[in-house]
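Residue strings, one per chain:
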Amino acid sequence: MKEKLAKIREEILKQIDASENLDKLNEVRVSALGKKGALTELLKSMKEVAPQDRPKVGQMVNEVRAEIETALETEKAKLEDRAMEARLKNEVIDVTLPAKKNSVGHRHPNTIALEEVERIFVGMGYEVVRGPEVEKDYYNFEALNIPKDHPARDEQDTFYINEEIVLRTQTSPVQVRTMEQGKLPIRMIAPGRVFRSDEVDATHSPSFHQIEGLVIDKNITFADLKGTLAEFAKELFGEDTKVKFRPHHFPFTEPSAEVDVSCFKCGGKGCRFCKGSGWIEILGCGMVHPKVLKMCNIDPEEYSGFAFGVGLERIALLKYEIDDMRLLYENDIRFLKQF
Ligand SMILES: [Zn+2]
């Protein structure tokens, strides 16, 4: 019996030592101490031992059992440590692996152009003001010296909600609203979406964007207007850009002009881009009509001012040499990605 016990002890301790992982160790535990384990079997054969020897043998078996249990615990702790170490090793991030590519979007060419224009005018001390896209007929037309029977209404035919309410054809109503507040002087630009009932083609859309500017102060002259727009053109298209003012007519300014810039592609020599003329038309402008000032309760004897309006799409098309305005609205990522 004693020899049998010694043999079992030795065998089990050897198995524990040889266990490579926790599963194997558990198998050893079951085969040693389980219901059908070697040690349990040995205890069952106690009846073969002489009665006077039983307490002693029993004590020996218990001692071996305790020894095996301790060995199992020690081995278990060792294997757990090793498993944790292996896991940590596996989970280390390999910084040399190529990263997963995330495609990040970017600003629309219209937005880039708008931010550029805003940057230039804010730099000259202008405020950026926004207003409603659905506007009263009064602010969109009447207050801008365009009464109901004025032919300019045909050029700016828009979408009517009812007799009194329209989708604005320009952002000038924002200027009227600002003038009405009566805080002078005014230096502002009003960017935003405008609407006209135009058919869609390469240069027209029923919905597009305008940036209009307004300055009202004492002693503002056409020279201020020319200087401001010349500076704007230089900032936007390059230091060598020249400007040319051609007489024009707008109902809300007098005198009025259209402004051309020297072609930034050929420098004015004439090319495909400027259709051989060396000049590119970019905006309309003029001195604010005294009638408009009066309607906004500003005394035209004391104050004067100038206004200008430029199409945002026009600037984006010129700046990025895009030949069809529709491309700006189609949201084709292959196109937009280029800017
Ligand atoms: Zn040119």
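Residues numbered from 1 in each chain as written. Predicted model: local features only at pLDDT ≥ 70, side-chain atom pairs only at ≥ 80, totals over all residues.

Just so we agree on the cut-off: UniProt positions are given in the numbering used here, feature names are shortened, and annotations may be inferred rather than shown by experiment.
The name an unreviewed UniProt entry assigns to the protein chain is Phenylalanine--tRNA ligase alpha subunit, from the organism Gallintestinimicrobium propionicum. A UniProt comment under Subcellular location (unreviewed entry) is attached to the protein chain, and it reads "Cytoplasm". Its UniProt record gives the protein chain the following Catalytic activity (unreviewed entry) comment, quoted word for word: "tRNA(Phe) + L-phenylalanine + ATP = L-phenylalanyl-tRNA(Phe) + AMP + diphosphate + H(+)".

### Considerations on the overall build of the protein chain
Operational definition: Comment: elements are numbered from the N terminus, with helices defined as DSSP H or I runs of at least four residues and strands as E runs of at least two. As a reference, a globule follows 2.2 Å times the number of residues to the power 0.38, and the radius of gyration itself is taken over C-alpha atoms. Residue burial is a threshold on neighbouring C-beta atoms within 10 Å of the residue's own C-beta, all placed from the backbone, with 20 or more meaning buried, 12 or fewer meaning exposed, and counts in between meaning partly exposed. The contact criterion used here is simple: two residues whose C-beta atoms, placed from the backbone, lie within 7 Å are in contact.
Each helix and strand in the protein chain was counted, giving 12 helices and 9 strands. For a compact globule of 339 residues, the expected C-alpha radius of gyration is about 20 Å, and the protein chain comes in at 44 Å, more than 25% above that figure. With the principal axes as the frame, the protein chain shows a C-alpha extent of 135 × 45 × 40 Å. Burial status across the protein chain gives 29% buried among its 339 residues. Of the contacts formed within the protein chain by residues at least 6 apart in sequence, a portion of 64% connects residues at least 24 apart.

### Quick word on the UniProt feature "binding site: Mg(2+)" (unreviewed entry) in the protein chain
Per the UniProt entry, the sites bearing "binding site: Mg(2+)" (unreviewed entry) are Glu254 in this numbering. If you trace the backbone, Glu254 turns up in strand E7 (residues 253–262). When near neighbours in sequence (up to four residues on either side) are disregarded, Glu254 contacts Gly286, Met287 and His289.

### Remarks on the domain arrangement of the protein chain
Keep this limit in mind: How far each domain reaches was decided by an automatic or database domain assignment.
Domain annotation of the protein chain identifies domain 1 (2–91) and domain 2 (109–336). Using only C-alpha atoms to locate each centre, domain 1 and domain 2 end up separated by 92 Å.

### Some remarks on helix H9 (residues 222–237)
As a reminder, the rule being used: The span you would expect from a helix comes to 1.5 Å times its residue count less one. Taken from the helix axis, the directions to the C-beta atoms give the arc we talk about.
Between its first and last C-alpha, H9 extends 22 Å over 16 residues, near the 22 Å set by a 1.5 Å rise per residue. Looking only at H9, the buried set comprises Leu225, Thr228, Leu229, Phe232, Ala233, Leu236 and Phe237. All buried residues of H9 fall inside an arc of 135 degrees around its axis, so they share one side. Along H9, the residues that are exposed and aim more than 90 degrees away from the buried face are Ala223 and Gly227.

### Let's talk about the sheet that holds strand E4 (residues 186–195)
In plain terms, the rule: Two strands qualify as a pair provided DSSP detects at least 2 bridges between them.
Reading across the sheet, the 7 strands line up as E1-E4-E5-E9-E8-E7-E6 and stay open at both edges, with mixed pairing between neighbours. Strand pairing shows two members of the sheet lacking a second neighbour, strand E1 (127–128) and strand E6 (243–250), which therefore form its edges. As paired strands, E6 and E7 are joined by 7 bridges and run antiparallel to one another. Looking across to E7, one finds that Val243 is bridged to Val261.

### With respect to the environment of Gly125
With respect to the helices and strands, the residue Gly125 is situated in the loop between helix H5 (109–123) and E1. Sequence separation between Gly125 and Ile282 is 157 residues, and the spatial gap between their C-alpha atoms is 22 Å.

### Here we look at the packing of helix H2 (residues 22–33) against helix H4 (residues 54–91)
For clarity, the threshold we go by: To get an axis, a line is fitted to the C-alpha atoms, and for a helix only the part in contact is used. The angle between two axes follows their N-to-C directions and goes from 0 to 180 degrees. Any angle that is under 35 degrees is reported as roughly parallel, and any over 145 degrees as roughly antiparallel; angles of 65 to 115 degrees are reported as roughly perpendicular and all others as oblique. Gly is placed with the polar residues, together with every amino acid not listed as nonpolar (Ala, Val, Leu, Ile, Met, Phe, Trp, Tyr, Cys and Pro) or charged (Asp, Glu, Lys and Arg).
Running from amino to carboxyl end, H2 crosses H4 at an angle of 170 degrees, the nearest separation of the two axes being 10 Å. Relative to H4, the element H2 lies roughly antiparallel. Each of Leu22, Leu25, Arg29, Ala32 and Leu33 in H2 lies in contact with H4, whose residues at this interface are Arg65, Ile68, Leu72, Glu75, Lys76, Leu79, Glu80 and Ala83. In terms of residue class, the contact of H2 with H4 is built from 8 nonpolar, no polar and 5 charged.

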